[in-house]
Each structure stands twice: as C-alpha cells, then as structure tokens.
Amino acid sequence: MTEMPALLDLAASAARHAAARQSMIAQNVANADTPGYLAFDLEAFSPQVGADGMRRTHPGHLGAGDGAARRIALDAVANDPNGNGVTLEDQILRGIEAQRAHGRAVTIYSTTMDMLRAGLGRR
Amino acid sequence: MNDLSNAINVLSSGMRSQGRRLVHIAENISNADTPGYRRKTVDFQAMVDGGRRSGAVEVGPVRLDRSDLPRIHDPDHPMADEGGYYDGSNVQLVVELADAREAQRSYEANLKMFEQVRRMSSQLMDVLRR
C-alpha cells in the first residue's frame, strides 16, 4: 500500500515535466519567425528528478541538481537567413510527444487513485 | 497548470503577431498599384515583461522598405513628370504572397499547439472532476 503515494508522486512529477516541456515548445513555435531566436527543449524526464537525495538548495552547491530538469539548446546554428533556428515540423512532433507523455502520466495518476479508492471500499 | 496557462499566453501572442503581419501584407497587396507607396514590413521581437523575457512574441515598429521606387513611363498619367515618368510602388506581389503563405503556416502551427495545450489542461480538469 505504501507504493501507491510514491506512484502518485511519480506520475504527478512526470505530468509536471510534460507540461513544462510543452510550455517551452510553445515558446519555440510562437517565436518561429523572430530573428535571432534559437530553439530549446527540456532534457528528458527521469524519476530521479525531484526525488529524495542530494539536492541543490543554493546556487553555489556543486554536484547535485536543483530538482528541475535543465533546458538544452536544440540547434547550435540557425537555418534561416534571419538567424532563426526553429523548425516547425520538429517542434510540432515534440509537442505531440509531450502531449502523449502528459496523457500517460495523467492516466496513471487517475488509475492509481481509482485503485486507492477501491482499496478503501469507496468505489 | 501554471506552465500550461503560460503556454496558452505565449501561443496567443504568436497568433496575434502573425495576424498583425498579415494585416500589413494585405495593405501592401491592396496598394500594389498606388503611386509612391512603399512596402511596409514588421519584425518580430521577444516581449519583455517587467524587465525579463516572458517568452511571448510581439511585432516591432512598422518599417518602410527604402528600396528605389520603379519609374513607370506613362505620359498620360496625372502624376507624370516632364519625361512622362512617375514613381510606382515597390511592392512585389510574389514576395507578398510568399510572405502571406508563411504567416499562414506559422499561424496554423500556433493554433495546433494551442489545441494540444488545451487538450492537456482538459485532461487535468478531468482528474479533478472525478
């Protein structure tokens, strides 16, 4: 029974990660015609992110993450004449990916909740 | 949820900017035969909110294309000079149409992402509703 809240935590942080990623991709798409803008994305979700363990609580700390996924630059070079580095097709695909990850996490969350309710006999 | 509403703000700023761009393209096309008309262009720039970039986009000030106006020979034209020439407009319809098509594609991409974000937040609402 103690795995259930941990599973809820995991599903919630996966959904949060997918939402943060979708928000970054939204910025890329909105700036698809802004001169000099380069696209970026969030690094992939890992269960360690936000888990217990060493965590950075001060910017001067070394060797531990601050609990949030880091953003990574997608292209080092711009492929448009105006210095813009956003490829719309790529961004839409990434958006679909984030949406599916979010749907998966939310489904796991609600299924776990259903199981908890069933365990409590309040189905 | 905060991320998702931020995404919706950013995407609607993208659609608004592409719409403004299309307005200027429409002005250029309708004035393609106006003597002395210079083509209008806008640049997109990152929106700065309270000193930091919010990730949203806005259109910058309108700029006029400073390239030379074509000299058109028509001695009967009321604006023609002694040599029978007058200044046309520097609008090129092919360029405007290509620009309009690009704005339309970007607008569609923004709308598509908007739809995805909306679906994600309605999934979250469904969890709350249970």
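Attention in this report is confined to the structure presented alongside it.

Cut-offs and rules
- Residues numbered from 1 in each chain as written.
- Chains lettered and ligands numbered in written order.
- Predicted model: local features only at pLDDT ≥ 70, side-chain atom pairs only at ≥ 80, totals over all residues.
- Helix = DSSP H or I, 4+ residues; strand = E, 2+ residues; numbered from the N terminus.
- Rg over C-alpha atoms; globule rule 2.2 N^0.38 Å.
- Buried ≥ 20, exposed ≤ 12 C-beta atoms within 10 Å, placed from the backbone.
- Contact = placed C-beta atoms within 7 Å.
- Nonpolar A, V, L, I, M, F, W, Y, C, P; charged D, E, K, R; others polar.
- Core = buried A, V, L, I, M, F, W, Y, C linked by C-beta atoms within 7 Å.

With respect to the overall build of chain B
Here comes step 1: Across its full length, chain B holds two helices and six strands.
Here comes step 2: N-terminal to C-terminal, the α/β element order of chain B is α-β-β-β-β-β-β-α.
Here comes step 3: Taking 130 residues into account, the globule formula puts the C-alpha radius of gyration at 14 Å, and chain B, at 22 Å, lies well above it.
Here comes step 4: Taken over the C-alpha atoms alone, chain B extends approximately 80 × 30 × 15 Å along its principal axes.
Here comes step 5: Looking at chain B as a whole, 22% of its 130 residues are labelled buried.
Here comes step 6: Contacts spanning at least 24 positions in sequence make up 61% of the contacts within chain B whose residues lie at least 6 apart.

Observations regarding the interface of chain B and chain A
Often the size quoted for an interface is simply the accessible area lost on bringing the parts together.
Here comes step 1: Of the residues lining the interface, 28 residues belong to chain B; the matching set on chain A comes to 24 residues.
Here comes step 2: Of all elements in the fold, only helix 1 (2-30), strand 2 (44-49), strand 3 (52-59) and helix 2 (93-129) of chain B reach the threshold of two or more residues within the side of chain B that touches chain A.
Here comes step 3: Top element by residues in the side of chain B that touches chain A is helix 2 of chain B. It accounts for twelve residues.
Here comes step 4: Across the side of chain B that touches chain A, the residue classes break down as 14 nonpolar, nine polar and five charged.

What about the nonpolar core?
Here comes step 1: In terms of nonpolar packing, the biggest core is built from 34 residues, with Ala15(A), Ala26(A), Val29(A), Ala105(A), Leu11(B), Met113(B) and Val117(B) touching the most fellow members.
Here comes step 2: Listed by contribution, the elements that provide at least two residues to this core are helix 1 (3-30) and helix 2 (88-120) of chain A together with helix 1, strand 3 and helix 2 of chain B.
Here comes step 3: Ranked by the residues each element gives to this core, the list is headed by helix 1 of chain A, at eleven residues.
Here comes step 4: With residues up to four places along the chain from it excluded, the contact list for Met113(B) reads Ile25(A), Ala26(A), Val29(A), Gly95(A) and Leu11(B).

Focus: the environment of Gln45(B)
Here comes step 1: Inspection of the secondary structure puts Gln45(B) in strand 2.
Here comes step 2: With 17 C-beta atoms counted inside 10 Å, the residue Gln45(B) sits in the partly exposed group.
Here comes step 3: Considered as a pair, Gln45(B) and Tyr86(B) are 41 residues apart in the sequence and their alpha carbons are 36 Å apart.
Here comes step 4: Those residues in contact with Gln45(B), other than ones at most four positions away along the chain, are Thr34(A), Glu58(B) and Gly60(B).

Just geometry here; none of it tells us what the structure is for.
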